[in-house]
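Structural characterization, general
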Amino acid sequence: RIRYFFGGMCLCWFTLFALYVSTVYNKAIATSNTEIIVNSVIVLFIMDLDEWIFSALEAINDDWTSHTSALEDEMKDKIASQQEELRNLREIVDRMQESQAQMDQIASQQEELRKLCEIVEKMQELHASAHSENVVFGCEGDINAQQLETEHVDDNAVPYEV
């Protein structure tokens, strides 16, 4: 644990040092765009010190840094498995969206079917009332009444309106 603390403190110190140096350096020297670019290159060089220090620690004692490659491999495996899980979840979401669209379509078709059933019921009521009126009043000469009695609809017959 002391190694981790020491290494973390060194990295934080170098990062803060680089931030401090870049701020002070840019305020003191940068007066044009070219100088800002040069300063940025210098800051990048200072930030590259982190890699050099890591290489030096690795050369001094390989045990201090050997776990990083194992951790790196483990993290890559975790990332790959999470990406696969994310792909699977996206496929599930796509299927659910398709199912929702189908359910919406079914709901609209059920509504249309309900309206059609109401129209058919009204037509049946009209048919029954027209048949009962014709029988009660004896309107046998009526063309529509004769068609209703024989349950034969001619092509020239006028359809019932709802």
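Here we summarise the structure given alongside this text. (Residues numbered from 1 in each chain as written. Predicted model: local features only at pLDDT ≥ 70, side-chain atom pairs only at ≥ 80, totals over all residues. Heavy atoms only, no water.)

It is worth spelling out the environment of Ala 18 at this point. Among the secondary structure elements, Ala 18 is positioned in helix α1 (residues 2-29). Residue Ala 18 is classed as buried on the basis of its relative accessible area of 3%. Along the sequence, Ala 18 and Ile 42 sit 24 residues apart, while their C-alpha atoms lie 9.8 Å from each other. Non-local contacts of Ala 18, meaning those with residues more than four positions away in its chain, are made with Ile 46 and Met 47. (Helix = DSSP H or I, 4+ residues; strand = E, 2+ residues; numbered from the N terminus. Buried < 20%, exposed > 50% of the residue type's maximum accessible area, 1.4 Å probe, protein only. Contact = heavy atoms within 4.5 Å.)

It is worth spelling out the pattern of salt bridges at this point. Tallied over the full model, the rule gives 5 salt bridges. Among the salt bridges present, the one from Glu 111 reaches Arg 114, with a minimum N-O distance of 2.3 Å. With Glu 111 and Arg 114 both in helix α4 (residues 62-137), this residue pair falls 3 residues apart, about one helical turn. Here Glu 118 ties to Arg 114 by a salt bridge, and the two come within 2.4 Å at their closest N and O atoms. With a gap of 4 residues between them, Glu 118 and Arg 114 both fall in helix α4, about one helical turn apart. On the basis of relative accessible area, Glu 118 is assigned to the partly exposed category, the value being 36%. A single network of salt bridges, built from pairs that share partners, joins Glu 111, Arg 114 and Glu 118. (Salt bridge = Lys/Arg side-chain N within 4 Å of Asp/Glu carboxyl O.)

Moving on: the packing of aromatic side chains. In total, this model carries 3 aromatic pairs according to the counting rule given. For the pair Trp 13 and Phe 17, a centre-to-centre distance of 5.4 Å together with 5 degrees between the ring planes defines the contact as stacked. Note that Trp 13 and Phe 17 are positioned in helix α1 at a spacing of 4 residues, about one turn of the helix. On the basis of an interplanar angle of 80 degrees and a centroid distance of 5.3 Å, the ring pair of Phe 45 and Trp 52 is categorised as edge-to-face. You can call Phe 45 partly exposed: its relative accessible area is 48%. On the basis of relative accessible area, Trp 52 is assigned to the partly exposed category, the value being 46%. An aromatic cluster is built from Trp 13, Phe 14 and Phe 17, whose rings are joined through pairwise contacts. (Phe/Tyr/Trp six-rings, centres within 6.5 Å; stacked < 30°, edge-to-face > 60°.)

In this section: the environment of Ile 42. Along the polypeptide, Ile 42 turns up in helix α2 (residues 33-47). Judged by its relative accessible area of 32%, Ile 42 is partly exposed.

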